[in-house]
Amino acid sequence: MAASSGVGAVADRGDSECILEPLSLPESPGGVAAVEESPSVPCIFCEECSPRTEQDQLLKHMIIEHKLVIADVKLVADFRRYILYWKKRFTEQPITDFCSVIRTNSEAPIEGQDNYFLLCDVLPEDRLLREQLQQKRLREILEQQQRERNDTSFHSMCMFCDKEFTGNRSVLFNHMARDHAFNVGLPDNIVNCNEFLAALQKKLDNLQCLYCEKTFRDKNTLKDHMRKKQHRRINAKNTEYDRFYIINYLEFGKSWEEVQSEDDRELLDNVEEDWSDWEEHPVCAVCLFCEKQADTTEKLCLHMKEAHGFDLLKIKAEHGLKFYQQVKLVNFIRREIHQCRCYNCKETFQSKTELISHMEITKHITFLPTKFTWDQPQYYFPTYENDTLLCTLSDSEDELTAKDQSEDVPVISEDLSDLEALRQSSVLNQLLREENTD
């Protein structure tokens, strides 16, 4: 069996022949593909056709000749497919099954009244069609963008100098942004890159500024104008460039400004978000000497006192431990227990169970070693990353400071018995007198 070119691959295996690739029939020139590539758009009711670029002419024809009004045409992603769909449907069912009837001159005699038909997305079938066309167009645009991003055969010359660039399109855009301060955004956000560059080059060839679009007498004057006025950029308000940016295809009918403003509104709306139904999960701290957990510091301290004879609150009060000293003490004990070493006698054991047993029997667990041993900068760092006990320690530094000040620093009231004498002997008065004499 012979395989024609582009149909499939055939291999001989003994006397039999095997097809190694799936076969596909060639498309007929008069098939669907030919219809899709047609540059004209037919009228829904008659044989009238208009070029795709003259869409308004066809809409005007259908309003005047057939009294049909299509609402929100700008929200139709593919106008030609949309018209072909309804052209077929109107041959299957009466137009009144799909369109709302609008009567004009309702107070005039019957012969002076006109009925217009409104086709809009209030009809579920029309809304579904519009959504499908939008999704189809978005898929096509994303596929086109991906092809351009992966394309390594790109070749173009810089619009502002004589350098040529080959490979990926991003090389050219990055060059223009870096060397000519011409920034059109991230290359990955651009689609139909060759058309975009051609449109920009056409404006420059016509001696037209890319930003303000004024026309100049020669190329040097144009370059000076764009440099001095900082017009080496495109005008974001010019909708001509919208078709070259992916953001304008995400929600058809909405410009990039509308999409961006909606995102900003969502951020602003979330600022005053209601958190009244927030439920905080309890934080469980682990005992310094065993696996016991408690959801409050008080419960954990009570457990360590009753089960192990280690009274953290008492130690804190007796030694006047400030917050960071508590942190260093906890990290020190965690490290010694982790290494199965008694923090008083420094004896090492094979297991944590043997260590705790030794410390409880010898009462080594109750007393702290000298302050120099554990009050070291290295113990600022937690032994365990998820040690929640460190987060539940009470910061009593301010209370202790206030207590120390109230006990150690006497407060002497000011003697106001001779106020005039105080004013005369004031240091400020002496400085003023010295300044006046100078």
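Scroll up a little and you will see the structure.
As a starting point, this report considers the structure included with it. (Residues numbered from 1 in each chain as written. Predicted model: local features only at pLDDT ≥ 70, side-chain atom pairs only at ≥ 80, totals over all residues. Heavy atoms only, no water.)

### Regarding the overall build of the protein
Spelled out, the test is: Numbering of helices and strands runs from the N terminus; a helix is a DSSP stretch of H or I covering at least four residues, while a strand is a stretch of E covering at least two. Buried residues are those whose accessible area, probed at 1.4 Å on protein chains only, stays under 20% of the maximum for their type, while exposed residues exceed 50% and partly exposed ones sit between those limits. Contacts are assigned to residue pairs that have any heavy atoms within 4.5 Å of one another. Residue burial considers only the protein chains on display, and all accessible areas are found by Shrake-Rupley using a 1.4 Å probe.
Scanning the protein from terminus to terminus reveals 18 helices and 11 strands. When each of the 438 residues of the protein is scored for burial, the buried share is 31%. Contacts spanning at least 24 positions in sequence make up 46% of the contacts within the protein whose residues lie at least 6 apart. A total accessible area of about 29,400 Å² is found for the protein, and carbon and sulfur atoms account for 51% of it.

### What about the sheet that holds strand S5 (residues 68–70)?
The criterion, for reference: For two strands to count as paired, DSSP must find a minimum of two bridges between them. All axes here are fitted lines through C-alpha atoms, helices being fitted over the stretch that makes contact, and every angle between N-to-C directions spans 0 to 180 degrees.
Taken in spatial order, the three strands of this open sheet run S5-S7-S6, and their pairing is mixed. Of all the strands in the sheet, just S5 and strand S6 (100–104) have a single pairing partner and so form its edges. The average angle at which neighbouring strand axes cross in this sheet is 30°, direction not considered. In this structure, S6 lies alongside strand S7 (residues 114–119), joined through five bridges in antiparallel fashion. By the bridge assignment, Thr 104 is partnered in S7 with Asp 114.

### Description of the nonpolar core
To keep it simple, the criterion reads: Among buried residues, those of type Ala, Val, Leu, Ile, Met, Phe, Trp, Tyr and Cys that are joined through side-chain atoms within 4.5 Å constitute a nonpolar core.
The biggest cluster of nonpolar side chains holds 32 residues, and the ones touching the most others in it are Leu 288, Phe 289, Met 304, Phe 310, Leu 329, Ile 333 and Tyr 343. Elements supplying a minimum of two residues to this core: helix H10 (297–308), helix H11 (312–319), helix H12 (323–338), helix H13 (352–361) and helix H15 (389–392). Element by element, the count of residues in this core is highest for H12, at seven residues. Setting aside its immediate chain neighbours within four residues, Tyr 343 contacts Phe 289, Phe 310, Phe 332, Ile 333, Glu 336, Met 359, His 364, Ile 365, Phe 367 and Pro 369. Counting 25 residues, the second largest nonpolar core, distinct from the first, contains Met 159, Phe 173, Leu 200 and Phe 216.

### Re the packing of aromatic side chains
This is how the line gets drawn: Aromatic pairs are defined between Phe, Tyr and Trp rings, using the six-membered ring for Trp, whenever the two ring centres lie within 6.5 Å; interplanar angles under 30 degrees are classed as stacked, those over 60 as edge-to-face, and all others as tilted.
Per the counting criterion, the structure on display carries 14 aromatic pairs. Taken together, a centroid distance of 5.4 Å and an interplanar angle of 80° make the contact between Phe 332 and Tyr 379 edge-to-face. Highlighted residues: Phe 332 in helix H12 and Tyr 379 in the loop between helix H14 (371–374) and H15, separated in sequence by 47 residues. In textbook terms, an aromatic cluster arises when at least three aromatic residues are bridged by ring pairs, as seen for Phe 45, Tyr 85, Trp 86, Phe 90 and Phe 98.

### Examining helix H2 (residues 55–66)
The periodicity of an α-helix, 3.6 residues per turn, causes residues three or four places apart in sequence to face the same way. Condition: One fewer than the residue count of a helix, multiplied by 1.5 Å, yields its expected span. The arc in question is the one traced by the directions running from the helix axis out to the C-beta atoms.
In a regular helix each residue adds 1.5 Å, so 12 residues correspond to 16 Å; H2 covers 16 Å between its end C-alpha atoms and thus fits that length. Looking only at H2, the buried set comprises Leu 58, Leu 59, His 61 and Met 62. Taken end-on, H2 shows its buried residues confined to a sector of 155°, consistent with a single buried face. Where H2 is buried, its residues touch strand S3 (40–42), strand S4 (49–51), S5 and helix H3 (79–92). Of the residues flanking the end of H2, it is Lys 67, one or two places downstream, whose phi is positive at about 60°.

### Re the state of the cysteines
Each disulfide is one covalent bond, formed between the sulfur atoms of two cysteines. Heads up, the rule is: Two cysteine sulfur atoms form a disulfide, by the criterion used here, when they sit within 2.5 Å.
Overall, the coordinates contain zero disulfides when judged by the stated rule. Lacking any disulfide linkage, Cys 212 is separated from the closest cysteine sulfur, that of Cys 209, by 3.5 Å.

### What to know about the pattern of salt bridges
Selection criterion: For this analysis, a salt bridge means a side-chain nitrogen from Lys or Arg found within 4 Å of a carboxyl oxygen belonging to Asp or Glu.
In this structure the tally under the stated criterion is 22 salt bridges. Between Asp 224 and Arg 227 there is a salt bridge, and its shortest N-O distance comes to 3.4 Å. With Asp 224 and Arg 227 both in helix H7 (residues 219–228), this residue pair falls three residues apart, about one helical turn. Taking the shortest distance from any N to any O, the salt bridge between Lys 314 and Glu 318 comes out at 4.0 Å. On the criterion of helical spacing, the pair formed by Lys 314 and Glu 318 is a turn pair, its members being four residues apart in helix H11. In this structure Glu 318 comes out as exposed when scored by relative accessible area, which is 55%.

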